[in-house]
Amino acid sequence: MPLSLDGRDGRQLQRIMINDAIDSILRNPTIVIEARKRNSSLLRTMTDLDLRATVVDDVMNEFACVLDADNIRKGTTEGESYCRAPREQWQMQLESAEDVSLILEIHECYRIALREQSFLSMDQMIADYSRYLSTHEWSQLRDRIGFDVIFVDEYHYFTRLEAMTLHNLFKSRASFQKKWPLIMAYDLKQSVSDAGLSGGVERFRNPGVGETVPVDLKQVYRATPEIAQFLQSLDGAFPAMDLEGEFQAYEAQSSQDSGEIPTCIEFETDVSLVNAIFEQAVEDARHLEGGGRDVAVLCASENLFDRYRKAPRILEKCVPMTTREDLRQLSYAKRKVIFSMPEYVAGLQFSSVYIIHLDEVDLSEDNLSVGGRRRYVSRVYLGASRASKKLTIATSKARGGLGSVLSGALADGTLRKI
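Residues numbered from 1 in each chain as written. Predicted model: local features only at pLDDT ≥ 70, side-chain atom pairs only at ≥ 80, totals over all residues. Heavy atoms only, no water.

Draft legend 1. Broad picture of the sheet that holds strand 13 (residues 416–417). The seven strands are arranged 9-10-8-11-12-7-13 in an open sheet whose pairing can be described as parallel. The sheet terminates laterally at strand 9 (318–320) and strand 13, the two strands that pair on one side only. As paired elements, strand 8 (residues 295–299) and strand 10 (residues 337–340) share three bridges and run parallel to each other. When the bridges of strand 10 are listed, Leu 298 appears paired with Ser 340. The sheet contacts of helix 12 (residues 270–286) involve strand 7 (263–267), strand 8, strand 9, strand 10, strand 11 (350–356) and strand 12 (387–396), and relative to strand 11 the element is tilted by about 180°. (Pairing = 2+ DSSP bridges. Helix = DSSP H or I, 4+ residues; strand = E, 2+ residues; numbered from the N terminus. Contact = heavy atoms within 4.5 Å. Axes fitted to C-alpha atoms, helices over the stretch in contact; angles between N-to-C directions.)

Draft legend 2. A look at the pairing of strand 7. Most of strand 7 sits out of view: four of its five residues are buried. Across five bridges, the pairing between strand 7 and strand 12 is parallel. Paired with Ile 265 across the two strands is Ala 394, which belongs to strand 12. Alignment of strand 7 against strand 13, held across two bridges, turns out to be parallel. In the sheet register, Cys 264 faces strand 13, and the bridge partner there is Lys 417. (Buried < 20%, exposed > 50% of the residue type's maximum accessible area, 1.4 Å probe, protein only.)

Draft legend 3. Quick peek at the pattern of salt bridges. Overall, the coordinates contain 19 salt bridges when judged by the stated rule. Arg 52 is paired through a salt bridge with Asp 23; the nearest N and O atoms lie 3.1 Å apart. Of this pair, Arg 52 sits in helix 4 (residues 52–67) while Asp 23 is found in helix 1 (residues 8–26), placing the two residues 29 residues apart along the sequence. Residue class for Arg 52 comes out buried when judged on its relative accessible area of 7%. Asp 128 is the partner of Arg 131 in a salt bridge, and the nearest nitrogen-oxygen pair spans 2.3 Å. On the criterion of helical spacing, the pair formed by Arg 131 and Asp 128 is a turn pair, its members being three residues apart in helix 7 (residues 122–132). A residue is classified by how much of its surface remains accessible, and Arg 131, at 49% relative accessible area, is partly exposed. Looking at Asp 128, the relative accessible area reads 39%, which means it is partly exposed. Connected via shared salt-bridge partners are Arg 15, Asp 57, Glu 302, Glu 343 and Arg 379. (Salt bridge = Lys/Arg side-chain N within 4 Å of Asp/Glu carboxyl O.)

So this is what it looks like as structure tokens:
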């Protein structure tokens with residue numbers, strides 16, 4: 001059975017399995033004693049239950065973007081190279097080779113658990129598929145059922161392993177002057193994982209299919225100038241990284257008519273926030289031609305999203321979307337609004353968007369690593385870019401109040417606080 005990480009349930013299951021793998025490592029005296037001898041900082045972090053959620057998130061990102069993507073395993077030549085190789089800035093921050101070897105131990109336990117429970121990760125399935133594309137069978141079939149041209153949207157969600165399959169899907173005659181007709185659209189800042197960074201940003205300029213021609217899109221056709229200006233301000237909240245210019249400043253200009261300045265509302269409690277925002281969202285739906293399909297409430301907190309989407313009083317007003325493939329839910333959203341997280345509505349657009357729980361508690365250094373902060377800001381950036389006419393952000397004082405990533409937008413007036 002495939003373990004899909006594009007949906008909420010699959011990601012939760014993977015977290016549980018990684019957490020179990022960490023517990024298994026901590027019960028292994030041989031590994032623990034050796035790690036303590038070498039003063040492993042990762043071992044200290046793993047044993048701190050308050051930091052466990054942060055560790056699991058970073059490990060999950062490392063699995064998807066490095067180990068599974070590059071088929072790295074404990075005890076292999078690739079595994080030894082992984083332990084010695086310098087760490088990229090976007091990768092999980094590991095201070096020593098011992099810390100890196102601990103990651104391989106966790107990964108080995110995780111892979112064993114997958115096999116015992118009859119799961120295949122998506123990366124394992126893609127690896128198998130990639131090998132099939134190199135067979136004699138496919139070499140005979142590709143000219144009959146292959147493609148003349150391929151368009152790829154949301155390319156920043158593709159791992160290097162997935163990207164490497166693309167050129168093998170073409171018919172052999174599709175090549176023109178050693179170039180393949182592959183058109184890709186991407187925005188690295190919208191990626192809530194580091195999948196797009198695996199293999200380095202160089203693969204965006206050359207994904208292994210020959211010379212590429214970059215085209216920067218500077219015109220925005222789906223959002224008001226006010227929302228575009230807010231995105232430009234939010235752009236400054238991304239942690240500074242040297243990614244060879246790929247995280248360049250947001251400079252797009254809107255071609256739409258002017259609209260409302262994005263607003264931020266601070267509530268005293270979580271309950272008052274949820275009650276007021278869903279009430280406003282439903283009211284917006286009554287006045288829009290598309291009804292609830294044109295209104296989205298997007299939660300920035302994974303834990304609170306899981307709690308809210310199961311609450312009966314909230315379900316009366318919304319249709320939850322927990323996977324990017326779950327577009328059929330839109331047909332039910334006539335009187336109810338869409339309730340989701342930004343990553344599950346990537347590619348969709350709404351007239352009115354509410355981003356809830358952009359709270360400072362989720363941005364504290366105790367809860368987020370540098371990579372985790374970058375992925376969090378990407379989630380907010382992605383959610384805000386889903387709005388075409390109205391954008392509202394809601395925070396709760398009970399969870400620290402307004403997130404610091406919005407300070408720049410408040411200072412320059414592209415976000416108005418109510």
